[in-house]
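For reference, the chains in residue letters:
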Amino acid sequence: MTFKTCLHASVAALAMMASGAVNAEVTVLGWPGGPEETALRAVTEIYNARPDLAAENKVELLFTSRDGFFDKLQVDLAAGSTAFDINLIATYSIGRYAPFMEPITLSDQAGAVFGDTVLKTMQFDGAQYGVPTDLSLHFLYYRSDLIDALLADDAAKAKYSEIAMKHLGKAMEPKAPADWTWEDFVANALYFTQSINPDSPTRYGTVIQAKNLLFNMMVFHSWPRSYGGNWMDDAGAITVDSEAFRTALSQAKMLFDLGATPPDSTSYEYAEANAAYASGQVAAMVQWNAAAGELTAAQAATGTSAPPAGPDGRFTHIHGLGLGLNKAAENKEGAIAFLQWLSTEEAALAYAKAGGAPGLASETAAKLAADRPDLVQVGEYASTYGFVMNGGTSENALSVYEVQAKEFTGYWAGTQDLDTALKNTAAAMTDLLK
Amino acid sequence: MTPRRSVENALLAGPLVLFLLAVLGFPTLLSLIYGFSETSFQTLTTPQFSGLKNFRDVAADPAFWQAAWFSLRFGAITALLQCGLGLALAVYLAPLARRHGWTVAILIIPMIVAPAMMGLMYRLVLHEFAGPVPHYLYSWFGWSPSFLGPANVFKTVVVAETLQWTPFAFLLFLTACQSIPEDLREAAAVDGTRPWRLFWKIELPLMMPTVFVALFIRFIDGFRVFDNIYTLVGAGPGGSTTSMSIYIYETFLRRGEIGKALAAAILLFATAFVVLAAAPRLLRGRSA
């Protein structure tokens, strides 16, 4: 092969690569490696198959890795990257990314399809920054076979009361999980822990994912919220150093100290906590709704309920993932058209059927009752128990979660006391949310 | 050097210098600008000069000192362990390695694995419910230490780092050991020197420069550790496994305090520079 031939071959290869790159003109950076990716691929196929869609407006998907996803996205957006026209956003990061994105107008159907509560998870400063694609909240997962056996056995009930009296100072009776308060959750966790109750069929009563990671704080927040906890009051004063947070943090700390959650759960995140429950050695846990399929498949006798209640009621943290418009997008027209189509009923139903978890208004969710009954439950819990902490969508919301993760996990692991943890958290939050 | 030769040298070295300026010089300059400025992701192109404020913030941050202490302890302990084990292995296995060179290839396999992959592997292997190590400990003894729990996590990351990088020290010491003239050993044997005394009085003194270099390299590597700890346990509960590199990463990306993160990086660079400058002098002192 001569030099000239090599050169021609190289030019031809480059031309082929270049032509491949311009085939898809709307580029979407999605949330990789889960049901969200599968669902997004499915609806993109439907969209690209539309006969009226121009070739330059076809959609191509980009996926990187979940590790450090939001950090990488932040750098790309700040640098004015044109590598994608549409990018993922989450409720807790809208404030941080909004300066590098553009508000959008959704389809006329969006209000009826998603409902105002869910649409608000993608709003910042009154503007709509994204189409809500997935809604996340928490379920209480429990081993119904173990709870049923406990409720049917008088000797076990007596043991339960004895353990509750010893550690919680009152002789409590076991209840059905749907009626649990957080005290019942703690008592149940203690009863099903072998180091406290050698007859327990499980090694641990619960598993608290307590790695120093912001997402783990979201799972924890339902606990202090049910005692009336919040990040700030209406006047903007930081209220984290409150009786509500003290009670919730202390109750969780008791579970760590008494070995009712695995000792290395201070290094657990979503996958590790699920593996613990799936092993059959954990009786109950609070976890994201996305885990329902995995946990039920591993332990068939798994029941689900809303998280336990406190004096202020029953609550679940709620946030949404969605797709929004990059300010530096090169094909804004095509990107907006795709986002508007995503907010129609046709797209939302297809997304849900393909495994996604959109937060749908009850009328839309009813159309999926046969295929996705869990989405009906998600919609019901979101509207009845869903909450977002005051300041939870602010520019520094992610940093607030980071601070809490560091301080609260430090308290649970015994590296600092409760007063220090709350004092440090309040000081940092005052700075971040001023 | 003639002027013509000088021009030739400049022309030949020019591309390399330009490459280094582009690859190293530009990021260094940018880091210096941001380190002395109030900068966030929103103001990347318009940093406001803030003097030494970022450096004062870093010095007043307890998390920075906690990370510095962690890195110092981690770097010192892992360097000592790796060099101690590496030296023992090298001296003990030198005759075997001389006869069967392929044994060295097996021993250095851990070094080939990317540190981040090593962290992920241990995360799986040591998990109480999914990991084989706790599984067999429970099966055989009915008990397993919580490897990644608060009480053991420091020991676990030290052992993980030691297992991965001891082969590096081993390789250095093996080379040093094999470069000792054989006639020295033979002369000592003729004089009736016992093996321990041979090692202590002849082999070790001849290997000391390599020992210092190995200790130095391993300490620097341990001090700046990031990947394997971050993928294994993250910053740790209460920041208990936050190394200097993790501190800088989290301050930069997670908290968006770009100026403060780069001020910490500049401090780290300055410290490393002083140590690097002092090390050859120390080594020369030992050799003399």
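Residues numbered from 1 in each chain as written. Chains lettered and ligands numbered in written order. Predicted model: local features only at pLDDT ≥ 70, side-chain atom pairs only at ≥ 80, totals over all residues. Heavy atoms only, no water.

Novice: When you look at empty space enclosed by the protein in this model, what are you seeing that I'm missing?
Specialist: Empty space among the atoms becomes apparent when a probe as large as a water molecule is rolled across them. Residues and elements named next belong to chain A. Going through the model one piece at a time under the given rule, you end up with eight cavities of 30 Å³ or more. There is about 140 Å³ of room inside the largest cavity. Contributing to the lining of the largest cavity are 14 residues, with Ile208, Val219, Phe220, Trp223 and Val286 lying nearest its centre. Where the lining of the largest cavity is concerned, the elements lending two or more residues are helix 9 (182–191), helix 10 (214–226) and strand 10 (282–288). (1 Å grid on protein atoms, 1.4 Å probe; cavity = no way out; pocket = protein on both sides within 12 Å on 5 of 7 lines; lining within 4 Å. Points joined across faces, edges and corners; volume = space filled by probe spheres on them. Helix = DSSP H or I, 4+ residues; strand = E, 2+ residues; numbered from the N terminus.)

Novice: What am I meant to see in the state of the cysteines here?
Specialist: Any covalent bond linking the sulfur atoms of two cysteines counts as a disulfide. Residue and element names in this part refer to chain B. One pass over the full model with this rule turns up zero disulfides over all chains. Left unpaired, Cys83 is separated from the closest cysteine sulfur, that of Cys177, by 15 Å. With a relative accessible area of 6%, Cys83 lands in the buried category. What makes Cys177 buried here is its relative accessible area of 2%. (Disulfide = S-S within 2.5 Å. Buried < 20%, exposed > 50% of the residue type's maximum accessible area, 1.4 Å probe, protein only.)

Novice: Looking at this structure, how should I read unusual backbone geometry?
Specialist: Phi is mostly negative for residues that are not glycine, and the peptide bonds are mostly trans. With a phi close to 55°, A:Asp125 is a non-glycine residue in the positive phi region. Here A:Asp125 is to be found in the loop between strand 5 (123–124) and strand 6 (127–128).

Novice: It is not clear to me how the domain arrangement of chain B should be interpreted in this structure. Could you clarify?
Specialist: Think of interface size as the accessible area that goes away when the parts come together; that is how it is often given. All names here are of chain B. Taken domain by domain, chain B comprises domain 1 (14–51) and domain 2 (63–287). Computed over C-alpha atoms, the centres of domain 1 and domain 2 are 32 Å apart. Counting residues at the interface gives nine residues for domain 1, matched by eight residues for domain 2. Of the roughly 640 Å² buried at the junction of domain 1 and domain 2 (both faces included), carbon and sulfur atoms supply 79%. Applying the counting criterion to the domain 1 and domain 2 interface returns zero salt bridges. (Domains from an automatic or database assignment. Contact = heavy atoms within 4.5 Å. Buried area = accessible area lost by both parts, 1.4 Å probe. Salt bridge = Lys/Arg side-chain N within 4 Å of Asp/Glu carboxyl O.)

Novice: In this structure, what is going on with the confidence of the model for chain A? I would like to understand it.
Specialist: Atom-level detail of predicted coordinates should not be read off regions where pLDDT is low. On average, chain A scores 90 in pLDDT, and the residues at 70 or more come to 94%. The model gives residues 6–23 of chain A a pLDDT under 50, and that stretch makes two contacts with residues more than four places away or in other chains. (pLDDT = per-residue confidence, 0-100.)

Novice: How should I be thinking about the nonpolar core in this particular structure?
Specialist: In a soluble, globular protein the nonpolar side chains are often hidden away together inside. A:Trp223 and A:Trp231 are the most contacted members of the largest nonpolar core, which has 148 residues in total. Counting residues per element, this core draws most heavily on helix 18 (residues 397–413) of chain A, at nine residues. Judged by nonpolar contacts, the second largest core, of 20 residues, contains B:Ala90, B:Leu93, B:Ile180 and B:Met207. (Core = buried A, V, L, I, M, F, W, Y, C linked by side-chain atoms within 4.5 Å.)

Novice: Can you help me understand the interface of chain B and chain A in this one?
Specialist: Taken together, the contacts link 27 residues of chain B with 32 residues of chain A. Counting the surface lost from both chain B and chain A, the interface buries some 2,600 Å², and carbon and sulfur atoms represent 54% of this. At the boundary of chain B and chain A, one finds eleven residue pairs in polar contact (both at pLDDT 80 or more). Here the side of chain B that touches chain A gets three residues from one element, more than from any other, and that element is helix 12 (residues 244–254) of chain B. Of the residues in the side of chain B that touches chain A, the class split is 14 nonpolar, nine polar and four charged. (Polar contact = N/O pair within 3.5 Å; in protein donor to acceptor, adjacent residues only side chain to side chain. Nonpolar A, V, L, I, M, F, W, Y, C, P; charged D, E, K, R; others polar.)

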